[in-house]
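# Chain and residue survey
Take a look at the letters that make up each chain.
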Amino acid sequence: MATVIPPKERVCERCGRHDEWDDETDAWLIVSDGDEKQVGNPHCLHEWDINGNYNPFED
Ligand SMILES: [Zn+2]
(Lines give C-alpha, C1' and ligand atoms only; values in the text may rest on other atoms or scores of the structure.)
Protein backbone atom coordinates (compact mmCIF):
# COMPACT_ATOMS: atom_id res chain seq x y z
CA MET A 1 0.00 0.00 0.00
CA ALA A 2 1.22 3.48 -0.87
CA THR A 3 1.24 6.05 1.88
CA VAL A 4 -0.62 9.25 1.18
CA ILE A 5 1.58 12.24 1.96
CA PRO A 6 -0.25 15.52 2.48
CA PRO A 7 1.20 18.64 0.86
CA LYS A 8 3.68 20.52 3.03
CA GLU A 9 3.65 23.78 1.15
CA ARG A 10 1.29 25.80 -1.02
CA VAL A 11 1.55 29.00 -2.99
CA CYS A 12 -1.35 31.03 -4.36
CA GLU A 13 -1.09 31.51 -8.12
CA ARG A 14 -3.14 34.70 -7.94
CA CYS A 15 -1.72 36.78 -5.10
CA GLY A 16 1.51 35.00 -4.16
CA ARG A 17 0.52 33.98 -0.64
CA HIS A 18 2.87 31.30 0.64
CA ASP A 19 1.90 28.81 3.36
CA GLU A 20 3.67 25.94 4.98
CA TRP A 21 2.03 23.10 6.87
CA ASP A 22 2.79 22.90 10.59
CA ASP A 23 2.54 19.37 11.93
CA GLU A 24 2.43 20.51 15.54
CA THR A 25 -0.65 22.66 15.19
CA ASP A 26 -2.19 20.80 12.22
CA ALA A 27 -2.66 24.10 10.44
CA TRP A 28 -1.27 26.19 7.61
CA LEU A 29 1.22 28.86 8.67
CA ILE A 30 1.95 31.89 6.54
CA VAL A 31 5.57 31.92 5.47
CA SER A 32 7.60 34.96 6.47
CA ASP A 33 10.26 36.31 4.12
CA GLY A 34 12.50 38.30 6.42
CA ASP A 35 10.21 40.64 8.34
CA GLU A 36 7.49 40.44 5.75
CA LYS A 37 4.76 37.82 5.96
CA GLN A 38 3.78 36.42 2.59
CA VAL A 39 0.08 36.99 3.24
CA GLY A 40 -0.85 37.94 -0.32
CA ASN A 41 -4.19 39.62 -0.89
CA PRO A 42 -6.69 39.04 1.97
CA HIS A 43 -9.58 39.36 -0.51
CA CYS A 44 -8.10 36.83 -2.92
CA LEU A 45 -9.96 33.61 -3.66
CA HIS A 46 -6.73 31.69 -3.38
CA GLU A 47 -5.79 29.36 -6.20
CA TRP A 48 -3.33 27.06 -4.49
CA ASP A 49 -0.52 25.58 -6.53
CA ILE A 50 0.48 22.43 -4.67
CA ASN A 51 1.35 20.42 -7.76
CA GLY A 52 4.94 21.56 -8.13
CA ASN A 53 6.37 19.67 -5.20
CA TYR A 54 3.35 17.67 -4.15
CA ASN A 55 3.59 13.93 -4.62
CA PRO A 56 0.65 12.22 -2.90
CA PHE A 57 2.39 8.87 -2.88
CA GLU A 58 5.61 7.83 -1.26
CA ASP A 59 7.95 5.72 -3.35
ZN1 LIG B 1 -4.41 34.28 -3.29
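All chains use their own residue numbering, which begins from 1 and follows the written sequence. The predicted nature of this model means local features are confined to residues of pLDDT at least 70 and side-chain atom pairs, given and counted, to a pLDDT of 80 or more, with totals for whole chains, interfaces and linings taken over all residues. For side-chain calculations, the full set of non-hydrogen atoms in the structure is used, while hydrogens and water are omitted.

### So, the coordination of the zinc ion
Coordination of the zinc ion by the protein comes from Cys12 (SG), Cys15 (SG), Cys44 (SG) and His46 (ND1), over a distance range of 2.1 to 2.4 Å. Each donor residue of the zinc ion lies on one chain, and together they are spaced C-x2-C-x28-C-x1-H. Taken together, the residues span a long stretch of sequence, with cysteine 12 in strand 1 (residues 9-12) and histidine 46 in the loop between strand 5 (36-37) and strand 6 (48-49) at a distance of 34 residues. We classify cysteine 12 as buried; its relative accessible area is 3%. Donors, by definition, are the N, O and S atoms found within 2.8 Å of a metal, the threshold being 3.2 Å for Na, K and Ca, and water is not counted, so a site can look incomplete. A run of H or I in DSSP becomes a helix once it reaches four residues, and a run of E becomes a strand once it reaches two; helices and strands are each numbered from the N terminus. Burial here depends on accessible area, computed with a 1.4 Å probe over protein chains only, as a share of the maximum for the residue type. Under 20% is buried, over 50% is exposed, and the range in between is partly exposed.

### A look at the packing of aromatic side chains
Working definition: a ring pair exists when centres of Phe, Tyr or Trp rings (six-membered ring for Trp) sit within 6.5 Å. Plane angles under 30 degrees give stacked, over 60 give edge-to-face, the rest tilted. With the rule as written, the count across this model stands at one aromatic pair. When the centroid spacing of 5.2 Å and the interplanar angle of 75° are considered together, the rings of tryptophan 21 and tryptophan 28 count as edge-to-face. When its relative accessible area of 26% is taken as the criterion, tryptophan 28 is described as partly exposed. Cation over ring: arginine 10 sits above tryptophan 48, and NZ or CZ is 3.9 Å from the ring centre. Any Lys NZ or Arg CZ found within 6 Å of a ring centre and within 35 degrees of that ring's normal is scored as a charge over the ring.

### Focus: the environment of proline 7
Considering the arrangement of structural elements, one finds proline 7 in the segment before strand 1. For proline 7, a relative accessible area of 17% gives the class buried. Note: C-alpha distance between proline 7 and glutamate 20 (13 residues apart in sequence) is 8.7 Å.

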